[in-house]
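# Architecture at a glance
One-letter residues, chain by chain:
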Amino acid sequence: MRGVEQIPWLYDLMMRLAPRIARWRSELVAGAHGRVLEVGCGTGLGLTSYGADVELFALEPNFEALCWARRRDDHDARLVCATAEAIPFPDDAFDCVVSSLVFCSVPDADRGLGEIKRVLRPGGRLLMLEHVQARSRLGARVLDWIQPAWTLVSGGCHPNRDTVAAVERAGFVIEADSFRARGVMRRFSARPGE
Ligand SMILES: C[S@@+](CC[C@H](N)C(=O)[O-])C[C@H]1O[C@@H](n2cnc3c(N)ncnc32)[C@H](O)[C@@H]1O
């Protein structure tokens, strides 16, 4: 069964109802410079916010979403049908990797983050926007409880993941002054640790 993430027109319609997420996404993307890979670009909602200096690559496993991204792309980005767990680029290939609302859906998040670390050059940056497990005990219980149905309807999203911890576990150091939190939303940049 296809979920919302696999139905481009429905995903874009739902995103229109979330202007704050759109603002956070474009602010995230505007911080990317150099040779940039966007992981899980979906229908390409972030692609139009990159600066003119960016050499842009993007990957997305859903071919239909990738076709929408192609139509939206105004950066002449190189778009690839692939997953975060098997990024088809060599080591140290990028100055920056961008991920917006993706790691809630990546089946093997640890592997995907390891791949991002591999393709980032030393000193490169991961820019991430994600929603995470609720901080309150009640909120966390509710998200745990709705997760199976949510994952089914959304097409893969897990509302109760602790992606910030996964990023640190993968060996990234989060830049404290970049960290923003609002409700369950998190936005930050991170660098591969030594
Ligand atoms: C909620 S959408 C976010 C799309 C886009 N980044 C945005 O901000 O609108 C999640 C995206 O992650 C993609 N995705 C799911 N599993 C993935 C994986 N293993 N590797 C890369 N992307 C994946 C989905 O196909 C979907 O397009």
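Residues numbered from 1 in each chain as written. Predicted model: local features only at pLDDT ≥ 70, side-chain atom pairs only at ≥ 80, totals over all residues. Heavy atoms only, no water.

As annotated in an unreviewed UniProt entry, the protein carries the name Class I SAM-dependent methyltransferase and is attributed to Wenzhouxiangella sediminis.

### Thoughts on the pattern of salt bridges
Enumeration according to the criterion identifies 13 salt bridges in this entry. The salt bridge partner of Arg78 is Glu55, with a shortest N-O separation of 3.1 Å. Of this pair, Arg78 sits in strand 3 (residues 78-80) while Glu55 sits in strand 2 (residues 55-59), placing them 23 residues apart in sequence. The exposure class assigned to Glu55 is partly exposed, which follows from its relative accessible area of 31%. In this structure, the salt-bridge partner of Arg191 is Glu175, at a minimum N-O distance of 2.8 Å. Taken together, the positions of Arg191 in strand 8 (residues 185-192) and Glu175 in the loop between strand 6 (172-174) and strand 7 (180-182) put the pair 16 residues apart, joining distant regions of the chain. You can call Arg191 partly exposed: its relative accessible area is 31%. When salt bridges with common partners are traced through the structure, they connect Arg23, Glu27 and Arg187 into a single cluster. (Salt bridge = Lys/Arg side-chain N within 4 Å of Asp/Glu carboxyl O. Helix = DSSP H or I, 4+ residues; strand = E, 2+ residues; numbered from the N terminus. Buried < 20%, exposed > 50% of the residue type's maximum accessible area, 1.4 Å probe, protein only.)

### A closer look at the UniProt feature "domain: Methyltransferase type" (unreviewed entry) in the protein
Residues annotated in UniProt with the feature "domain: Methyltransferase type" (unreviewed entry) correspond here to residues 37-127. Along residues 37-127, the helical share is 23% and the strand share 29%, with 10 Å between the first and last C-alpha atoms. (UniProt positions renumbered as here; feature names shortened; annotations may be inferred.)

### Comments concerning the site of the ligand
Neighbouring residues of the ligand: 19 residues in total, closest Tyr11, Gly40, Glu60, Glu85 and Ser100. For the ligand, a nitrogen atom lies 2.7 Å from a polar atom in the backbone of Gly40. In isolation the ligand offers 590 Å² of accessible surface; the protein chains occlude 94% of this area. Taken together, the residues that form the shell around the ligand break down as nine nonpolar, five polar and five charged. (Near = heavy atom within 4 Å. Polar contact = N/O pair within 3.5 Å; in protein donor to acceptor, adjacent residues only side chain to side chain. Areas by Shrake-Rupley, 256 points an atom, 1.4 Å probe, with all protein chains shown as cover. Nonpolar A, V, L, I, M, F, W, Y, C, P; charged D, E, K, R; others polar.)

### Considerations on the side chain of Ser189
Considering the arrangement of structural elements, one finds Ser189 in strand 8. Among the polar contacts made by the side chain of Ser189, one reaches the side chain of Arg125 at a distance of 3.4 Å. Excluding residues within four positions of it along the chain, Ser189 makes contact with Arg125, Leu126, Leu127, Val173, Ile174, Glu175 and Ser178. (Contact = heavy atoms within 4.5 Å.)

### Description of the nonpolar core
The biggest cluster of nonpolar side chains holds 29 residues, and the ones touching the most others in it are Leu37, Val39, Val97, Phe103, Ile116, Leu126 and Val167. Of all elements in the fold, only strand 1 (35-39), strand 2, strand 4 (94-100), helix 4 (109-119), strand 5 (120-131), helix 6 (163-169), strand 6 and strand 8 reach the threshold of two or more residues within this core. The leading source of residues in this core is helix 4, at four residues. Apart from residues no more than four positions distant in its own chain, Val97 is found in contact with Leu37, Val39, Ile116, Val119, Leu120, Arg125, Leu126 and Leu127. (Core = buried A, V, L, I, M, F, W, Y, C linked by side-chain atoms within 4.5 Å.)

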